[in-house]
Amino acid sequence: MSTRTSGSLRTYLLTRVLLFVPQVLVILTIVFILMRVAPGDPISVALGGQRTPEQLAELRAAAGYDRSIFVQYWEYITGIFTLDFGHTIIDNRPVTQIFTVNGGATLTLTAAAFLVAMVVGVPLGLLAGRFRDTPFDASLRVFGILTYAAPVFFLGLLFQLAFARGLGWLPSSSQASPIVLATVESRTNIFLVDALLAGDTSAFWNGVQHLILPALTLGLLLSGIFMRIIRINLIQTLRSDYVEAARSRGIPERKVVIQHAFRNAMVPFVTILGLQVALLMGGAILTEQTFNWNGIGSQLVRYLENRDYVAVQGVITLFALVVVTASLLIDIINAIIDPRVRY
Amino acid sequence: MTEPVLSVRELRVWYGTEHGPARAVDGVTFDLRPGEVLGLVGESGCGKSTLGRGVLGLLPRGAHLDGEVIYQDRNLVEASAREIQRLRGPELGLIFQEPLTRLNPLLRISEHFEETLKAHEPDLPKGEAKHRSIEVLRAMGIPPTRYRAYPHEFSGGMRQRIMIALALVLRPAFVVADEPTTALDVLVEAQIIGILADLRRNFDTSLLFITHNLGIVAEACDRVAVMYAGRIVEQGPVNDVFARPQHPYTQELLRSTISLSTTGLHYIPGAPPDLINPPSGCRFHPRCPKAMQVCPQRFPERVPVGPQTVECWLHGPDELMPDGGREILVREEITVADEA
Amino acid sequence: MATAAVPPPSDMGDVGGGRGRTRLRRFLSGIARPYRNSHGVGRFMLISGTVLVCLMLVMAVFSPLIAPYGFSQVADATGERFGNHLEPGGDHWFGTSTQGFDVFSRVVWGARTAVTVVLLALAFSLFIGVLLGLLAGFIGRWVDRVLVMIMDSLYALPALLLAIVVAFLLAEHVGGGTATAALAITAVYIPQYFRVVRAATISAKEQTYVEAARAMGARPITIMLRYLLSNVVQSVPVIATLNAADAILTLAGLGFLGYGIQPTEASEWGYDLQRAVADAGTGIWWTGLFPGLAIVLLVMGLTLMGEGLNETMNPAIRVRRLVSITMPSIDRATARRDDAAGGTAGTTGSVDDLRKGDVR
């Protein structure tokens, strides 16, 4: 029987991975249509008024915008599969460079925030669901609603006022102090890793200190959502037939809750983690802006202000790819923890 | 006669609702002897399942339990949650109606068994636990090769057999089977009935068999209790009750059974009573073809009639009968309008 | 109604002019139902949320009366400038901002902007989402598949990113402002309504009574639509309220990134917060705190309302109210003796009396 089970797991994973390709194609097409549905070509939008019409025409031809839209679409799609996202218009650098140079900062921020959200949100959600309708549950729910209702940039602002300006405990902007940033050599473009590689522990701690407030801000937003989802899942699981059946066999209540309810409540939570990745990315754009964090989100805002379609399109494509990939990974994880999926 | 395994005295289970208490079980008394199978029959919503759960202390929040459930000289109604939790499994078992949702989909069958054994016998070696589980599963017709499979890999009938094995692995002395075959098809049903009927031979288990299928009772039970609106209106040996039903409700119930020789369908007019506002006196009187003047006025006594015990004024006792109590009850036509 | 001169029997009111009234009454009682049926935490959430939302609505509707100054006013009636970064107090309850706006007035006017944008966005997304959902559900086949594919992809994009892109594109060709912000937010929420309506349509097609109606020769479309309506009507209030809360956050996010509404067009909390980030470093707290609190209160109100509604309307998480009851006790000693004696004594009579006493 076990051979059949692992066999069906393999089949499931294979179909899921195969499904990934059309999914990516669809999302890329939608991004392309979204960016090109408007009249006018990227060059004239970004540089119109700054150059003579002849110069613009020359740039257009050089960038290939004088060709048919289908050719451009084909180029866009094939480009992405060869990791060529084009060149930005305003400062003419490869779009992929935005990812490599600024991606580390965004990755650090989102990973730390995700960690905060898991560490805070999951246990609190489980406790709130277990002790539902008690004052404890009620106060946790208020906490959940508050963290959801406060926009990340407002929470960030309050943290800055309280911990940076008021108490003076933590720095409030950038990834590290300017001097520290200048001294640490960039190798991976992830500052904390670079500091460790350089063996510079004081720089590393400096980076950690700078990370705390942004990570808390973004993490708390997510933790409220995690908590709500897990609480409801647990309440529904605690009412399920198999929990009653476990009680009927005299399994101690503590074990019923941990073995049957907690574990099963996590399954639907994992399946919707994919959507939370999208939320995390959206929140990262705002958090980066609030804390002057030089990640992809900050770059996106900069290029938006300069109406650089190519850069904007590239960043959106990247975000979309990250979300689709994350949902693929989550489906795979889900298949491993929930035997029903592969059946 | 041997001492009963389980004695239930005046057991009541009421649910608090917004319109007042719902008396799902309202004063039920019965005994169960070792190896005996007691069938509990009645319409849907008469409190059968609540009675089964109430005996095991497995009631939802908001349910109130009162009376006596005597098991091994202990009143389970007054036992602490922890005490009764320890009894569930090695002493008391429950088999559910819908086997499909009763196994945790994330746990292997083996994990269900090992968890159950470990909860009650913490020092049991793992190999021994596995051995015992596989033995019970084999007795239920589940091959040992499937011990480590997941619940979704089994059919409904197999899952019910696994549930039974899970309830029996600790050899409880008393098991409640709550409509264990309702969700299954006829062939599987016969198989499960066979397994349950063999229980007392193999495990010497007493069984409270809740069902609405009188055919199953005739086949698998020693005694039968007929429940109506939270009360047991008649109980006695299956053969006697089926041959000479004494309560009008039992008579009507037996008449409405469909068999191969049935030529016309019979049904009991009216709807099952409202458990929140039950009829006064005998609860069956609004639907009873033999209702008398006394029936809506006074609650019927438990009266022994031959080997049976019946709660019906037709059987007296005469000394409590008020004057003119035996006159036929003239029903107002309101009941018809109510139904419309 | 002509018959009104004669005292009409109570049920005659329904015949003529009363019809509109009963419909209104039914509508009102439909709105009141969740409030009546709720209890405990759900009721508290529903009511406190409604109060918060109503407060904000009052602020939005009557902002010209409540706000002492205009949203882009930098000088009082005599032409004297307010001054920048004035601390709260005196003429300016919440102080003044970097640009010299009165913070209190901007907070009040901001409610009007938020409510307008969100109502527009909800109306647009409901309309488009429901329409597309019905199309996909009814027609099925490739129409369904294509629409689902597009909607899933839109849903996968970070909501804020989608709103930014739409706002960015519209700003380029239509110009910024309330309508642009509303359209940007619309794009985010279409997929949700699409999903709900499509799922309801498909399940309506498979309902047994729709099949039964078809078998009897009735037009299944009529029945399906009625089924759909009752189904969608159940889930839409919850989704719409929660979406409104989310939309406020998205609008503020757009404003914070500079893709919302310019300060001279209308007051927008997100924009004000963006300006306030620079102030935080210098310890000026009032420019950010008040607009931020306004967002929190409105979003919180809508969330509480939505969750409260969900708790009373969604059977999966609804708690049945636990009503404590008193069980009249039976004298157990006599009951047992009675039982031993074969159940002849009169004790059960007393139980019966207790029972009757409890029923009446």
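In this text, all values refer to a predicted model and were calculated from it rather than measured experimentally. (Residues numbered from 1 in each chain as written. Chains lettered and ligands numbered in written order. Predicted model: local features only at pLDDT ≥ 70, side-chain atom pairs only at ≥ 80, totals over all residues. Heavy atoms only, no water.)

Brief notes about a positive patch on the surface
Taken together, the side chains of B:Lys118, B:Lys126, B:Lys130 and B:Arg148 make up a positively charged region of the molecular surface. Tracing the backbone shows B:Lys118 in helix α3 (residues 109-120). (Patch = residues over 30% accessible without salt bridge, like charges linked within 9 Å, V, L, I, M, F, W, Y side chains within 5 Å. Areas by Shrake-Rupley, 256 points an atom, 1.4 Å probe, with all protein chains shown as cover. Salt bridge = Lys/Arg side-chain N within 4 Å of Asp/Glu carboxyl O. Lys, Arg positive; Asp, Glu negative; His and termini not counted. Charge placed at Lys NZ, Arg CZ, Asp CG, Glu CD. Helix = DSSP H or I, 4+ residues; strand = E, 2+ residues; numbered from the N terminus.)

Regarding the sheet that holds strand β11 (residues 302-305) of chain B
All names here are of chain B. Strand order in the open sheet formed by eight strands is β6-β7-β8-β3-β9-β10-β12-β11, with mixed pairing between adjacent strands. Every other strand in the sheet has two partners, leaving β6 (92-95) and β11 as the edge strands with one partner each. In this sheet, neighbouring strand axes are inclined to one another by 20° on average, regardless of whether the strands run parallel or antiparallel. Pairing of β11 with strand β12 (residues 308-311) involves four bridges; the strand directions are antiparallel. Residue pairing in the sheet places Arg-302 in a bridge with Glu-311 of β12. Along the sheet, helix α6 (residues 186-203) makes contact with β3 (37-41), β6, β7 (174-178) and β8 (206-210), crossing β8 at roughly 150°. (Pairing = 2+ DSSP bridges. Axes fitted to C-alpha atoms, helices over the stretch in contact; angles between N-to-C directions. Contact = heavy atoms within 4.5 Å.)

So, the interface of chain A and chain B
Across the boundary between the two partners, chain A contributes 25 residues, which contact 29 residues of chain B. Here chain A meets chain B over a buried area of about 2,500 Å², counting both sides, of which 55% is carbon and sulfur. Three residues, A:Glu244, A:Ser248 and A:Arg249, lead the burial of chain A against chain B; their summed loss comes to 24% of the area buried on that side. Our enumeration of links across chain A and chain B arrives at four salt bridges. Residue A:Glu244 pairs with B:Arg102 through a salt bridge whose shortest N-O separation is 2.7 Å. Along the contact surface separating chain A from chain B lie 14 residue pairs in polar contact (both at pLDDT 80 or more). Those elements giving two or more residues to the side of chain A that touches chain B turn out to be α1 (2-36), α11 (241-248) and α12 (253-271) of chain A. Among the elements that take part in the side of chain A that touches chain B, α11(A) stands out by supplying six residues, more than any other. (Buried area = accessible area lost by both parts, 1.4 Å probe. Polar contact = N/O pair within 3.5 Å; in protein donor to acceptor, adjacent residues only side chain to side chain.)

Observations regarding the domain arrangement of chain A
All names here are of chain A. Structurally, chain A comprises domain 1 (1-90 + 308-343) and domain 2 (99-305). Averaged C-alpha coordinates put domain 1 and domain 2 at centres separated by 27 Å. Listed by partner, the interface residues are 18 residues for domain 1 and 15 residues for domain 2. Here domain 1 meets domain 2 over a buried area of about 1,600 Å², counting both sides, of which 85% is carbon and sulfur. Of all residues in domain 1, Val-315, Phe-319 and Ile-330 give up the largest surface area on contact with domain 2, accounting jointly for 32% of the area buried on that side. At the boundary of domain 1 and domain 2, one finds zero salt bridges. Inspection of the region where domain 1 meets domain 2 yields one residue pair in polar contact (both at pLDDT 80 or more). (Domains from an automatic or database assignment.)

Looking at the packing of helix α5 (residues 156-168) of chain B against α6(B)
All names here are of chain B. Closest axis-to-axis distance for the α5/α6 pair is 10 Å, and the angle between their directions is 15°. By the angle class used here, α5 and α6 are roughly parallel. The interaxial crossing formed by α5 with α6 has right-handed handedness. Facing Gly-157, Gln-160, Arg-161, Ile-164 and Leu-168 of α5, the residues of α6 in contact are Val-188, Gln-191, Ile-192, Ile-195, Leu-196, Leu-199 and Phe-203. (Parallel < 35°, antiparallel > 145°, perpendicular 65-115°, else oblique. Left-handed = near helix turned anticlockwise from the far one by under 90°.)

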